[in-house]
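Remarks on the overall topology
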Amino acid sequence: MEFTLQSYEILIIGLMVMGLFLAIIPVKPVDTRLRGYRISLILMALSFIFLGTYCVFKARLPRELLFIPFFVSSHIQVCLLGLAHLNLLNLNIVHRKQILLNFCPMLVCAAVYLAVQLFCPFVRLTSWETFFHSLSNPGVAVRVIWLFVYIGQIVYYAVVFFRQEKIYSQELGNFLSDAPDSRYRLALYSFIGALVAGFDSVCICLTLDKFWGGLFNLIMLAIYAVMCALFVQYPSIFFKISSIVAAAPDKTPSVGRTEDSWPMLKERICKEKLFITESLTLEQLACTLHISKDSLSKMINTKEGVNFNTFIGGLRIAEAQSRMQEHPEMSFSDLAASVGYSEQSNFSRQFKAITGFTPGEYRKRIRMG
């Protein structure tokens, strides 16, 4: 079995279609905070369309190892994809200075390569044998260095993204009662796809075999299709987490509560079972208690020693344990909904984190005891 240029043609068509689709997705101006999502969409669309355009020309050029147009294309790709994903976690990432800094490695490598080519003969790397015999050529050496710079930039985006994602996830716990679920992790899964695509492109750069080249092309297309699908779903959860994404100002009215008021406020939360409101947010609870959300968050953090998510989760799981004893035949999905969880998976995960047992294991212990 051998792949031909048909795999390239499929890749080109797929990239162009997905790029145009992302570019024309309507984003309703319901909230100006969707501007960040719109910027990410544009960056993603440019990434897809640019790679598709590059493939149109690459398909008509002779195959070569460490192909210089590949480095230019891949660097632009990694910058656009990296910034698109970082922008979902931090709206302050994409600005002119940051964009310039992100493209600097590519510009420096390109300038050095062009300068070297003015004084050294160009070598076409049509085989690995040619490559090893040409390592003494400065132009080939620069291409090898460029490859490592490219890989280094992929690693850089991974480090920055996962650091931002950790901070972001921790901050979500201060605002949301439901643990961040798989829907929130769309950006994370999409970025992991981008990382795989980046290293897939490295494989394409290092192979001259038509079969493997075609296979890597199809893998790239599949990854991009998944990324496109994940990005399209993002608005469905945007407003759930927009208070973190946009760092919205605290406009909740306060009636002069201090930290000394916490025992009374906690008693009300427990007595009225305010914690079982589905998808309860810090802002909603603060509004009910007539206190600013910043003050409420500070009270929970200092008096309880945990964030909002953990505090509400503890109350919910305690309530679930009580209801499990009173209604041993209640299904876990109904039980989860009755104590405020929008998804059973969140309930099960937090139940085990707090009690050390899954809901099923805990129910067996009740029946046995």
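Values in this document were obtained by computation on a predicted structure and should not be read as measured data. (Residues numbered from 1 in each chain as written. Predicted model: local features only at pLDDT ≥ 70, side-chain atom pairs only at ≥ 80, totals over all residues. Heavy atoms only, no water.)

**Focus on the overall build of the chain**
In plain terms, the rule: Put simply, DSSP H or I for four residues or longer makes a helix, DSSP E for two residues or longer makes a strand, and each gets a number counted from the N terminus. In this scheme, a residue with accessible area under 20% of its type's maximum is buried, one over 50% is exposed, and one in between is partly exposed, where area comes from a 1.4 Å probe on protein chains only. Note on contacts: a residue pair qualifies if any of its non-hydrogen atoms lie within 4.5 Å across the two residues. Values of accessible area rely on a 1.4 Å probe in the Shrake-Rupley scheme; residue burial ignores everything except the protein chains shown.
Tallying secondary structure elements over the chain gives 16 helices and 0 strands in all. When the 369 residues of the chain are sorted by exposure, 47% land in the buried category. Once local pairs closer than 6 in sequence are excluded, the contacts in the chain between residues at least 24 apart make up 75%. Carbon and sulfur atoms make up 64% of the accessible area of the chain, which totals about 18200 Å².

**Quick word on the confidence of the model for the chain**
The condition that has to hold: In predicted models, pLDDT denotes the confidence assigned by the predictor to each residue on a 0 to 100 scale.
Across the chain, the average pLDDT comes to 83, with 86% of residues at 70 or higher. When the criterion is pLDDT under 50, residues 1-5 qualifies, and its contacts beyond four places in sequence or with other chains add up to 9 contacts.

**Details of the side chain of Ser297**
Tracing the chain through its elements places Ser297 in helix 12 (residues 293-304). Residue classification places Ser297 among the buried positions, given a relative accessible area of 13%. Contact partners of Ser297, with chain neighbours within four places excluded, come to Asn174 and Leu282.

**What to know about the nonpolar core**
The tendency in soluble globular proteins is for nonpolar side chains to be buried as a group. Worth spelling out the cut-off: In this text, buried Ala, Val, Leu, Ile, Met, Phe, Trp, Tyr and Cys residues form a nonpolar core when linked through side-chain atoms within 4.5 Å.
Ranked by internal contacts, the top residues of the largest apolar core, which has 89 residues, are Tyr224, Ile269, Leu285 and Leu296. Tallying contributions element by element places helix 3 (residues 68-89) first for this core, with 13 residues. The contacts of Ile269, once residues within four sequence positions are left out, are Trp262, Leu274, Phe275, Leu285, Leu289, Phe311 and Leu315. In this structure, Met324, Val339, Tyr341 and Phe347 belong to the second largest nonpolar core, which totals 10 residues.

**Quick word on the packing of helix 10 (residues 262-271) against helix 11 (residues 282-289)**
For clarity, the threshold we go by: Axes here refer to lines fitted to C-alpha atoms; in helices the fit is confined to the stretch in contact. Angles between the N-to-C directions go from 0 to 180 degrees. Oblique is the label for any angle not covered by the other classes, which are roughly parallel (under 35 degrees), roughly antiparallel (over 145) and roughly perpendicular (65 to 115). Residues are sorted three ways: Asp, Glu, Lys and Arg are charged, Ala, Val, Leu, Ile, Met, Phe, Trp, Tyr, Cys and Pro are nonpolar, and all the rest, Gly among them, are polar.
As a packed pair, helix 10 and helix 11 sit with axes 11 Å apart at the nearest point and diverge in direction by 105°. On the basis of the axis angle, helix 10 is roughly perpendicular to helix 11. Taking contact as the criterion, the partners of Leu265, Arg268 and Ile269 in helix 10 are, on helix 11, Leu285, Thr288 and Leu289. Along the lines of polarity and charge, the residues of the contact of helix 10 with helix 11 split into 4 nonpolar, 1 polar and 1 charged.

**A few points about the environment of Ala141**
Here Ala141 lies in helix 6 (residues 138-172). Distance from Ala141 to Phe131, taken between C-alpha atoms, is 9.9 Å for residues 10 residues apart in sequence.

**Comments concerning the packing of aromatic side chains**
Note on aromatic pairs: each is described by the distance of the centres and the angle between the planes. Heads up, the condition is: In summary, the pairing rule links any two rings of Phe, Tyr or Trp, Trp by its six-membered ring, whose centres are within 6.5 Å, and it sorts them by plane angle into stacked for under 30 degrees, edge-to-face for over 60 and tilted for everything else. Criterion for a charge above a ring: Lys NZ or Arg CZ within 6 Å of the ring centre, and within 35 degrees of the ring normal.
Summed over all chains, the structure comprises 17 aromatic pairs. Look at Phe161 and Phe162: their rings are 5.7 Å apart centre to centre, the planes differ by 85°, and that puts the pair in the edge-to-face class. The buried category is assigned to Phe161, whose relative accessible area is 0%. On the basis of relative accessibility, which here comes to 35%, the residue Phe162 falls in the partly exposed class. Pairwise contacts between aromatic rings join Phe70, Phe71, Trp146 and Tyr150 into one cluster. Positioned above the aromatic ring of Tyr341, the side-chain terminus of Arg316 is 5.0 Å from the ring centre.

**A short note on helix 8 (residues 210-233)**
Selection criterion: Multiply 1.5 Å by the residue count of a helix minus one, and that product is the helix's expected span. Between N or O atoms, a polar contact is any pair within 3.5 Å; within protein, one atom must be a potential hydrogen donor and the other a potential acceptor, and residues adjacent in sequence are included only when both atoms are from side chains.
The end-to-end C-alpha separation of helix 8 is 35 Å, in line with the 34 Å expected for 24 residues at 1.5 Å each. Listed as buried for helix 8 are Gly213, Gly214, Phe216, Asn217, Met220, Leu221, Ile223, Tyr224, Met227, Cys228, Leu230 and Phe231. Two to three positions downstream of the cap, the backbone nitrogen of Phe211 sits 2.9 Å from a side-chain oxygen, assigning the N-cap of helix 8 to Asp209.

**Here's the deal with the side chain of Asp200**
Here Asp200 shows up in helix 7 (residues 186-205). Setting aside residues no more than four positions away along its own chain, Asp200 makes contact with Phe216, Ile219 and Met220.

**Quick look at the packing of helix 13 (residues 308-326) against helix 15 (residues 344-355)**
At their nearest, the axes of helix 13 and helix 15 sit 10 Å apart, and the two run at 90° to each other. Taken together, the axes of helix 13 and helix 15 lie roughly perpendicular to each other. Facing helix 13, whose interface residues are Asn309, Thr310, Gly313, Gly314, Ile317, Ala320, Gln321 and Met324, helix 15 presents Phe347, Gln350, Phe351, Ile354 and Thr355. Here the contact of helix 13 with helix 15 is composed, by residue class, of 6 nonpolar, 7 polar and no charged.

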